[in-house]
Amino acid sequence: ENGRLSIERQLAEARITAGKTQAVLTLANGKKVSLDDDAERNRSLIAQQKKGKPDDRKTRINQLATPRGGEFKIVLEDSTVVWLNAESKLVYPDNFNADERRVAVTGEAYFEVAKDSLRPFYVESGDMTVRVYGTEFNVNAYAEDNRIYTTLVSGSIALQPQGGGKGELVLTPGHQAVFHKEDCTVNVRSVDAPAVTSWHEGRFTFEEQTLGQIMRTLSRWYDFDYAFEDARLAGIIFKGSAPRYAELSEVLYILESSGGIGFRVENRKIIITTNNK
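Attention here is on the structure that accompanies the text. Only a predicted model underlies this, so the values are computations on that prediction, with no experimental measurement involved.

### Topic: helix H5 (residues 248-257)
Turning to step 1, where the next piece is worked out: Three or more residues of H5 are buried, namely Leu-248, Ser-249, Val-251, Leu-252, Leu-255 and Glu-256. Buried positions in H5, seen along its axis, are confined to an arc of 160° and lie on one side of it.
Turning to step 2, where the next piece is worked out: Immediately downstream of H5, the backbone of Gly-259 shows phi near 105°, a positive value.

Below is the structure:
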């Protein structure tokens, strides 16, 4: 208990807290609009931007970006709903054209795509494109990771390497495609899709993830730096779950109680140590 209290105090002093609903919308004309957790205000701000006189047949492209410690949910023109995780970006048009719907993502996003059999929905992320007809899926494509993870919850999607030509891979629900950026290969595995995508419903669920992956996820949401005292600790595999809006001390305590590791805070940096109690 004592250890738990001291890490709580250290985190409070370092002002490391859970993220919140916040994003910056950059319009086609370069104007920036700050959005927060007031959904009504966000809706009216976004609607106001659309009132301007339409450019001659030119589609206006917007960019929605969340900071570290931010998340945001937006409804696109075709009623598709997109949840953006921390430190992520969605590039999308004010209006989709007549034959397709196309957006681009970096970071992580959960999509609930509105069905429209005449206009496929495309999500571009790095060197990969996902083609969708109406479905729920998650794309995890952070620039610093050398893999892109696409997880299908329901419906059906097809993955194509950018530039096409190599055919496409169709995914069925409950599967995750892991796209390797360096050689453009893909492997598919079965996953617990609701667990992988639980972040958009307010939970962290770590399914067979390394401590390195877990700390990267936590650092984006709670906005902190971290370091491993011993590099080998980063490879330890964990399985577990924690509420996303909990204090970070609670999440670290869950990891600590699974054994073998401890945490201490130096300035705003969390040091992961071996805990040989």
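### Quick notes on the packing of aromatic side chains
Turning to step 1, where the next piece is worked out: The full count for this structure, using the stated rule, is nine aromatic pairs.
Turning to step 2, where the next piece is worked out: Seen in terms of ring centroids, Tyr-226 and Phe-228 are 6.0 Å apart; in terms of plane orientation they differ by 85°. Their pairing is edge-to-face.
Turning to step 3, where the next piece is worked out: The exposure class assigned to Phe-228 is partly exposed, which follows from its relative accessible area of 21%.
Turning to step 4, where the next piece is worked out: Following the ring pairs from residue to residue traces out a cluster consisting of Phe-96, Phe-111, Phe-121 and Phe-137.
Turning to step 5, where the next piece is worked out: Between the NZ or CZ atom of Arg-220 and the centre of the ring of Tyr-142, over which it lies, the distance is 3.3 Å.

### Section: the nonpolar core
Turning to step 1, where the next piece is worked out: Formed by 36 residues in total, the largest nonpolar core has its most connected members in Leu-64, Leu-90, Phe-111 and Phe-137.
Turning to step 2, where the next piece is worked out: For this core, the element with the most residues is strand S8 (residues 101-112), which contributes four residues.
Turning to step 3, where the next piece is worked out: Ignoring anything within four residues of it in the chain, the contact list for Phe-137 reads Ala-109, Tyr-110, Phe-111, Val-113, Val-123, Val-130, Val-132, Thr-150, Thr-151, Leu-152, Val-153 and Ile-157.
Turning to step 4, where the next piece is worked out: Of all hydrophobic cores here, the second largest spans 27 residues; its members include Ala-86, Leu-233, Phe-238 and Ala-242.

### As for the environment of Asn-95
Turning to step 1, where the next piece is worked out: Tracing the sequence through the fold places Asn-95 in the loop between strand S7 (89-93) and S8.
Turning to step 2, where the next piece is worked out: Not counting residues within four places of it along the chain, the set of residues in contact with Asn-95 comprises Thr-59 and Glu-77.

### Quick notes on the layout of surface pockets
Turning to step 1, where the next piece is worked out: Estimated volume of the largest pocket: approximately 720 Å³.
Turning to step 2, where the next piece is worked out: Sorting the residues of the lining of the largest pocket by element identifies strand S11 (136-141), strand S12 (147-154), helix H3 (193-196), strand S17 (203-210) and helix H4 (211-222) as the ones contributing at least two each.
Turning to step 3, where the next piece is worked out: Residue composition of the lining of the largest pocket, grouped by class: ten nonpolar, eleven polar and twelve charged.
Turning to step 4, where the next piece is worked out: The volume enclosed by the second largest pocket comes to roughly 460 Å³.
Turning to step 5, where the next piece is worked out: If you trace the second largest pocket, you find 23 residues lining it, with Asn-42, Phe-72, Lys-73, Ile-74 and Val-75 closest to the centre.

### Let's talk about the sheet that holds strand S21 (residues 269-274)
Turning to step 1, where the next piece is worked out: The strand order across the open sheet built from three strands is S18-S21-S20, with neighbouring strands paired in mixed fashion. Each of the sheet's edge strands pairs with one partner strand only, and the pair in question is strand S18 (225-228) and strand S20 (261-266). Neighbour to neighbour, the strand axes of the sheet diverge by 25° on average, direction disregarded.
Turning to step 2, where the next piece is worked out: Summarising the sheet, S20 and S21 pair through six bridges and their orientation is antiparallel. Bridged to Glu-266 within S21 is Lys-269.
Turning to step 3, where the next piece is worked out: The strands touched by H4 within the sheet are S18, S20 and S21, with S18 carrying the most contacts at an inclination of about 165°.

The rules we used
- Residues numbered from 1 in each chain as written.
- Predicted model: local features only at pLDDT ≥ 70, side-chain atom pairs only at ≥ 80, totals over all residues.
- Heavy atoms only, no water.
- Buried < 20%, exposed > 50% of the residue type's maximum accessible area, 1.4 Å probe, protein only.
- Helix = DSSP H or I, 4+ residues; strand = E, 2+ residues; numbered from the N terminus.
- Arc of directions from axis to C-beta.
- Phe/Tyr/Trp six-rings, centres within 6.5 Å; stacked < 30°, edge-to-face > 60°.
- Lys NZ or Arg CZ within 6 Å of the ring centre and 35° of its normal.
- Core = buried A, V, L, I, M, F, W, Y, C linked by side-chain atoms within 4.5 Å.
- Contact = heavy atoms within 4.5 Å.
- 1 Å grid on protein atoms, 1.4 Å probe; cavity = no way out; pocket = protein on both sides within 12 Å on 5 of 7 lines; lining within 4 Å.
- Points joined across faces, edges and corners; volume = space filled by probe spheres on them.
- Nonpolar A, V, L, I, M, F, W, Y, C, P; charged D, E, K, R; others polar.
- Pairing = 2+ DSSP bridges.
- Axes fitted to C-alpha atoms, helices over the stretch in contact; angles between N-to-C directions.

Structural measurements only, silent on function.
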